[in-house]
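# Fold and contact review
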Amino acid sequence: MTTSLSRDLIFLILQFLDEEKFKETSHILEQESGLFFSMKHFEDLIIGGKWNEVEQYLSGFTRVDDNRFSMKIFFEIRKQKYLEALDKLDRAKAVDILTKDLKVFSSFNEDLFKEITHLLTLDNFRENELLSTYRDAKTARTIMLIELKKLIEANPLFRDKLQFPNIKSSRLRMLINQSLNWQHSLCANPRQNPDIRTLLVDHSCRNSNDPYTQLATNNQLLVSAQKTEGFLPMCANGPFQLASPPVQTPLNAWVSTPSSMSHPVVSGAGVGLGGPMNPSVAAVSKGLGDSSNMLKTRLSAVPDRMMLPAMSPSQSNGLQFNMAEELPKTVARTLNQGSAPTSMDFHPIQQTLLLAGTNIGEISLWEVSAREKLVSRNFQVWDIGASSMTLKAALIKDPSVSVRRILWSPDGSLFGVAYSKHIVQLYTYFGGNDVRQHLEIDTHIGAVNDLAFCNPTKQLSVVTCGDDKTIKVWDVATGTKLYTFEGHEAAVHSVCPHYKENVHFVFSTSVDGKIKAWLYDTMGSRVDYYAPGHSCVTMAYSADGKRLFSCGTTKEGESHMVEWNENEGTVKRTYQGFTKRSLGVVQFDTTKNRFLAAGDDYSVKFWDMENCVLLTTIDAEGGLPASPSIRFNKDGSLLAVSANDNKIKILATVDGLRLMRTYETHSHIASRPPSDAPAKIGGSKTLEDIKARSAGEVNPKKAGKLAEISSPAQFRSLKLSTHVKADKISRLIYTNSGNAILALAFNAIHLLWKWPRSDLNLSGKATTKVTPQLVQPTSGILMTNDLIDGSPDEIVPCFALSKNDSYIMSASGGKISLFNMMTFKTMATFMSPPPVATYLAFHPQDNNIIAIGMEDSTIYIYNVRLDEVKSKLKGHSKRITCLAFSHLLSILVSSGADAQIIVWDLNHWERQKGCFLQTPAGRTAAARSDIQIQFQQDQIHLLVVNETQLAIYDMRKLECIKQWTIGEASAPISHATFSCDSQLVYSCFLDGTVHIFSASNLQLQCQINRTAYLPSGISSTVYPLVVAAHPQEPNQFAVGLMDGSVYLFEPLESESKWEVPQATENGSASRSEV
């Protein structure tokens, strides 16, 4: 697709052509751009029987073989054309249509084609029972049009293309007028009535001798710039600033948001001989998620979203579950906080970890599944000597301090606390109860009312706001102030940073009801609006970043929750159901891109985002304050609600209850600190203390008995079925959503298994309980990489998956291929060897940037959108084996076959430092070549793996702090990875065993022997080559084997963690083979 700005320009041109009555040109542009499908034009063509024009117009949006909806659309059109030729007794034309247009459908339904052909032998085709009701061409076309409309609306290829954007009239003319006014304002000697005769060059007022100084008294082009409502400035990236107040135009001129339309899935969409049957709407499908904006300039004809072929309605995202089952209603836990909670936040990855801040300045970290308070800390200034005199005076006058906001960073590696007096404190989280002081910043005079994390410069920053009417941006690594935004006339209540298409901005709201928006520069606010009722509001985007909401309360107690139209800066939808007089400012949250929740009237109220009417109210078994604080976890399965008597109630869905059972036992291990970790925040242990202990801690002795699994009855496993001949599995990964597994075999074929939703698997996540489906397109063409001639043993397959699971970059010795994960189509190939790509990694903040490790030891930093190499990194002497980004440290780490680990700066792509992998005693350097690396969840510690050892490095100093090596007689390591919560390390070996280590000390915790999952008699040459961890379930992982098979492993449901009982003699096997 085109870029967002190009897309908007095409819409403006379409509007201009329509206003100027260039109808034919407008429809040609619609077809060639593929951005807007005019149903009215399509209807006119159908009713007029202009069949060639109909198919030509359709060709801009779909082809016959794209999906079953497209196939039926073309079939109905060609069938009608065929019947009309028969009705006119034009047999020659009918035969021509049959052989040229309808024959393509014979490969899909041969019997149907034969029956259509048989109509040629009839004197009147109405003798066929299915066509007996056919009247005339005009009536048949009208009936067919009803069917075609439903098929088009259901077809995912037409999603977001049936509704023309809501654009003010003559928008293109207005923008040109604004540009001309801007050019005129920059003239050295601006004339009062300039004569502007062309748009082909920039305007400049000329001197009196210039032949073009004739003044136009009635110039139609030069008008005063109008103020247009919206949320983002046109001049976001412009170098100039008007001396007069800047024209406020939409932020969305730079940041467009595709609409989130839902489309019906039409039942009975297969082609057939009979007339249209007016199919019913069976379910609502939202597709498989929006594609990333990556590559839109290169992939001009690629639809953003596609539906997987052969997907039944029960598998689509539009499953018609009871809506109440998707809301957390059950009070699963009640936590005794000890003081009144004022702010809460769930960990983004370990979704049962809850931070809470209270009215007396206490912060706590809860493992809610076990009702265990892992960390508790009262307010204290860390360095009172370095504090400002204003803060000291405020504390002396009134020492009471409350928490205004507590929030995890996006990756959960640290969290911030905003206090009611001046300061923000940032803590680093290392897992379990290991929380350490990171930074204390004296940010504002008075209360710090809110904080939020952002990445405006590809380095993590924190945005704060306060009673001093300012918003400030701070570097998280150093505490340096980057920006100060001034302009509010009252205390700033909240901030909401966001970005779209690499434009970063932040909304702010003040207690007087003002809403402002800022870019990260010094040019002032770009938006200045009042919230509904001048209420004091907070703002939040839906999880997918496409919909903007606000909720708040006026001084009179009237609450308003609305959805904003960002393009217009107007209220799109107002939600009803609040009490007439709320006590305090109502807090709200969003979840699942579908639901809104707010604490109001001693209860929690829920709305469907698409419906203004209150959906339901939950009182959480009573005991809630008038306006409780609320917070969802990431997947919406848990909801934390502040309650009376200093308590927090955890509400759960069915999935939430299952999630807590999964974590309940595991959390006891995760929460116990290793012997070297401080049990309290800010403990006296230092990194040097840890390093001194760990230096000699090779193969530390394990405490207690090793859990060894030798029987299938001791755990759960599932062999994933495949009907495709696959070579050994070289790469393996879960999709980020956790509902599918993708494998790359050595023969360059990709295999994708997807788990359907069902009664046994309501979440649709990967599980051993349900057999997944091997996804294959109707065309039968698999995602297959480009191969080059040479020995297969020399191939180093690699791939990288985009964050939204829409695209995959992959290579198997040839060109790098880009595949659409929904359609399996090859979108592009690039970078022909040599050199050969050996590793691929997406930039963590920009899907358009990809790091490519090469066989010749170089690393290319490649901008996919611009199709150019931004930088070429040199430092290794042999091929690149792995790449890993840390956005917290703003570094790229590379490993090579030369046993080197090198750290590169992300801002300038320069080498910072490097080291060679430490060789275990008694080992040779030859056994170190194929190094794999992976960052821990904290983005600071790095797992380093080769065939002889596992090691943990602190990347702030590039020092090895833990190490585990194999024994003399042990089989080599083939691969290893962290669990999703970084508490475990899964490692597979060439003898077929799988080891599970505790990540805190690399202590072997569990061993799965090959007899537990492989059939007896299988060759010893079959062993796991790769291992992948589930992105949300810390105790689930998968392995890919030499024989092309993939196995999924989980502990017994009764155990929930990797410590298993002895197998009973008559125990039933839980290993599944399908």
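Within each chain, residues carry numbers counting from 1 in the order of the written sequence. Local features in this predicted model are restricted to residues of pLDDT 70 or higher, and side-chain atom pairs are both shown and tallied only at a pLDDT of 80 or more, whereas totals for entire chains, interfaces and linings draw on every residue. The side-chain numbers reported here are obtained from all heavy atoms of the structure, hydrogens and water having been left aside.

Attention shifts here to the sheet that holds strand S34 (residues 740-745). A pair of strands is treated as paired once DSSP finds two or more bridges between them. Note on conventions: DSSP H or I runs of at least 4 residues are helices, E runs of at least 2 residues are strands, and numbering of each starts at the N terminus. As summarised here, the arrangement of the four strands in space is S33-S34-S35-S36, forming an open sheet in which the pairing is antiparallel. Where the open sheet ends on each side, the last strands, each with one partner, are strand S33 (729-734) and strand S36 (773-774). Bridge analysis of S33 against S34 gives five bridges, and the strand direction is antiparallel. Bridged to Arg-731 within S34 is Leu-744.

Taken together, four strands build an open sheet; the order of strands is S49-S50-S51-S52 and the sheet is antiparallel. Each end of this open sheet is capped by a strand with a single partner; those strands are strand S49 (932-935) and strand S52 (959-965). Adjacent strand axes in the sheet meet at a mean angle of 20°, parallel and antiparallel pairs treated alike. Inspection of the sheet shows strand S50 (residues 941-946) paired to strand S51 (residues 949-954) by six bridges, in the antiparallel sense. Directly across from Leu-943, in S51, lies its bridge partner Ile-952. For helices, the fitted axis covers only the stretch in contact; all axes are lines through C-alpha atoms, and the angles between them, taken along N-to-C directions, range from 0 to 180 degrees.

Between buried and exposed lies partly exposed: a residue is buried under 20% and exposed over 50% of the maximum accessible area for its type, with that area taken using a 1.4 Å probe on protein chains only. Residues Met-39, His-41, Phe-42, Glu-43, Leu-45 and Ile-46 constitute the buried set of helix H3 (residues 39-47). Within two residues after H3, Gly-49 carries a phi angle of roughly 65°, on the positive side.

Classification of ring pairs rests on two measures: the distance between centres of Phe, Tyr or Trp rings, Trp counted by its six-membered ring, which must be within 6.5 Å, and the angle between planes, read as stacked under 30 degrees, edge-to-face over 60 and tilted in between. Here the structure, examined in full by the defined rule, presents 33 aromatic pairs. Centroid distance Trp-408 to Phe-415: 5.3 Å. Interplanar angle 75°. Geometry classified as edge-to-face. A single burial state applies to Trp-408 and to Phe-415, both of which are buried. Between Tyr-1013 and Phe-1049 the ring centres are 5.1 Å apart and the planes differ by 65°, which places this aromatic pair in the edge-to-face class. In this pair, Tyr-1013 sits in the loop between strand S56 (1003-1008) and strand S57 (1024-1029) while Phe-1049 sits in strand S59 (residues 1046-1050), placing the two residues 36 residues apart along the sequence. Phe-1049 carries the same exposure label as Tyr-1013, and that label is buried. Taken together, the aromatic side chains of Phe-715, Tyr-986, Tyr-1013, Phe-1037, Tyr-1047, Phe-1049 and Trp-1058 make up a single cluster linked through ring pairs. Lysine NZ or arginine CZ positioned within 6 Å of the ring centre and within 35 degrees of the ring normal marks a charge as sitting over the ring. Geometry around Phe-430 places Arg-436 over its ring, the cationic atom sitting 4.1 Å from the centre.

Moving on, we come to the environment of Glu-53. Structurally, Glu-53 can be placed in helix H4 (residues 51-58). Look at Glu-53 and you get partly exposed, because its relative accessible area is 38%. Each C-alpha atom, one on Glu-53 and one on Phe-42, is 9.2 Å from the other, the two residues being 11 residues apart in sequence.

Glancing now at the confidence of the model for the protein. On average, residues of the protein score 81 in pLDDT, and 81% of them are at 70 or above. A score between 0 and 100, pLDDT records how confident the predictor is in each residue. Working rule for contacts: check all heavy atoms of both residues, and any pair within 4.5 Å makes them a contact. Segment residues 1060-1074 is flagged for pLDDT under 50; beyond a separation of four residues in sequence, or across chains, it makes 36 contacts in the model.

Our focus in this paragraph is the nonpolar core. Core analysis: the largest hydrophobic core is formed by 45 residues, its most contacted members being Phe-37, Phe-42, Ile-46, Leu-58, Ile-77, Tyr-82 and Leu-102. Counting residues per element, the ones that place at least two in this core are H3, H4, helix H5 (68-87), helix H6 (91-102), helix H7 (110-118) and helix H8 (137-154). In terms of residues, this core owes the most to one element, H5, which gives 10 residues. Apart from residues no more than four positions distant in its own chain, Ile-46 is found in contact with Trp-51, Val-54, Ile-77, Arg-141, Met-144, Leu-145 and Leu-148. Only buried residues count toward a nonpolar core. Its members are Ala, Val, Leu, Ile, Met, Phe, Trp, Tyr and Cys residues joined through side-chain atoms within 4.5 Å. Counting residues in hydrophobic clusters, the runner-up holds 34 residues, among them Leu-873, Val-893, Leu-942 and Val-944.

The next point concerns the environment of Val-945. Along the chain, the position of Val-945 falls in strand S50. Distance from Val-945 to Ser-974, taken between C-alpha atoms, is 8.9 Å for residues 29 residues apart in sequence. The residues touching Val-945, leaving out its near neighbours within four places in the chain, are Asp-930, Ile-931, Gln-932, Leu-950, Ile-973 and Ala-976.

With 15 residues, helix H9 (residues 171-185) ought to run about 21 Å at 1.5 Å a step, and its terminal C-alpha atoms sit 21 Å apart, in line with that. Buried residues of H9: Arg-171, Leu-172, Met-174, Leu-175, Asn-177, Gln-178, Leu-180, Gln-183 and His-184, and no others. Looking at the buried positions of H9, the neighbouring elements they touch are helix H1 (4-19). Expected helix span is taken as 1.5 Å per residue step, with the number of steps being one fewer than the number of residues.

For the rest of this paragraph, the subject is the pattern of salt bridges. Salt-bridge detection follows one rule: a side-chain nitrogen of Lys or Arg within 4 Å of a carboxyl oxygen of Asp or Glu. Taken as a whole and judged by the stated rule, the model has 37 salt bridges. When the shortest N-O distance is used, the salt bridge between Glu-43 and Lys-149 registers 2.6 Å. Of this pair, Glu-43 sits in helix H3 while Lys-149 sits in helix H8; the two residues are 106 residues apart in sequence, bridging distant segments of the chain.

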